[in-house]
Amino acid sequence: MALYLRRHGKEVLIYALSGGAIMLSPDALETLETHGVFDHIKSKCYCFMDLTFRDNDQKYLDNHEIGNSERFGHGALRVYRQAAIDELKAMVDEAGFGGIY
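Residues numbered from 1 in each chain as written. Predicted model: local features only at pLDDT ≥ 70, side-chain atom pairs only at ≥ 80, totals over all residues. Heavy atoms only, no water.

**Q** Looking at this structure, I do not really get the side chain of asparagine 68. What am I missing?
**A** Relative to the assigned elements, asparagine 68 resides in the loop between strand 4 (60-65) and helix 4 (69-72). In this structure the side chain of asparagine 68 is engaged in a polar contact, spanning 2.9 Å, whose partner is the backbone nitrogen of glutamate 70. With sequence-adjacent residues up to four places away left out, asparagine 68 is seen in contact with Pro26, Met49, Gly73, His74 and Gly75. (Helix = DSSP H or I, 4+ residues; strand = E, 2+ residues; numbered from the N terminus. Polar contact = N/O pair within 3.5 Å; in protein donor to acceptor, adjacent residues only side chain to side chain. Contact = heavy atoms within 4.5 Å.)

See the structure below:
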């Protein structure tokens, strides 16, 4: 969002939380691809297509398709939040838009 806003002349100050991981759906990945971010983070991600749910005894409960390259254009990705922040910060700095605080 910061890259988009700065390209349109808006001042941006970014506050980012670190820690943990995030899952990115095909829609999110398409947006990141449109803005040139996807290629920068994909090597730091774990690609998956579905989530399987189990109870405490590991008994199968359900399965949900999250991503599918053929149906949605992308799989789904899991990335550590800090890895994504580091790549986005580098892109902002490279574009000359100032730093992330």
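Picking up where we left off.
**Q** Mind showing me how you'd approach the sheet that holds strand 1 (residues 21-24) here?
**A** Strands pair in a sheet through their backbones, by hydrogen bonds, and they do so in one of two ways: parallel or antiparallel. Strand order in the open sheet formed by three strands is 1-5-2, and the pairing between neighbours is antiparallel. Sheet topology places strand 1 and strand 2 (46-48) at the edges, where each strand pairs with a single neighbour. Along the sheet, successive strands turn relative to each other by an average axial angle of 25°, direction set aside. Summarising the sheet, strand 2 and strand 5 (residues 76-80) pair through three bridges and their orientation is antiparallel. Among the inter-strand pairings, tyrosine 46 is bridged to a residue of strand 5, identified as arginine 78. Across the sheet, helix 2 (residues 26-34) touches strand 1 and strand 5, and the angle it forms with strand 1 is around 90°. Running at roughly 85° to strand 5, helix 5 (residues 81-94) makes contact with strand 1 and strand 5 of the sheet. (Pairing = 2+ DSSP bridges. Axes fitted to C-alpha atoms, helices over the stretch in contact; angles between N-to-C directions.)

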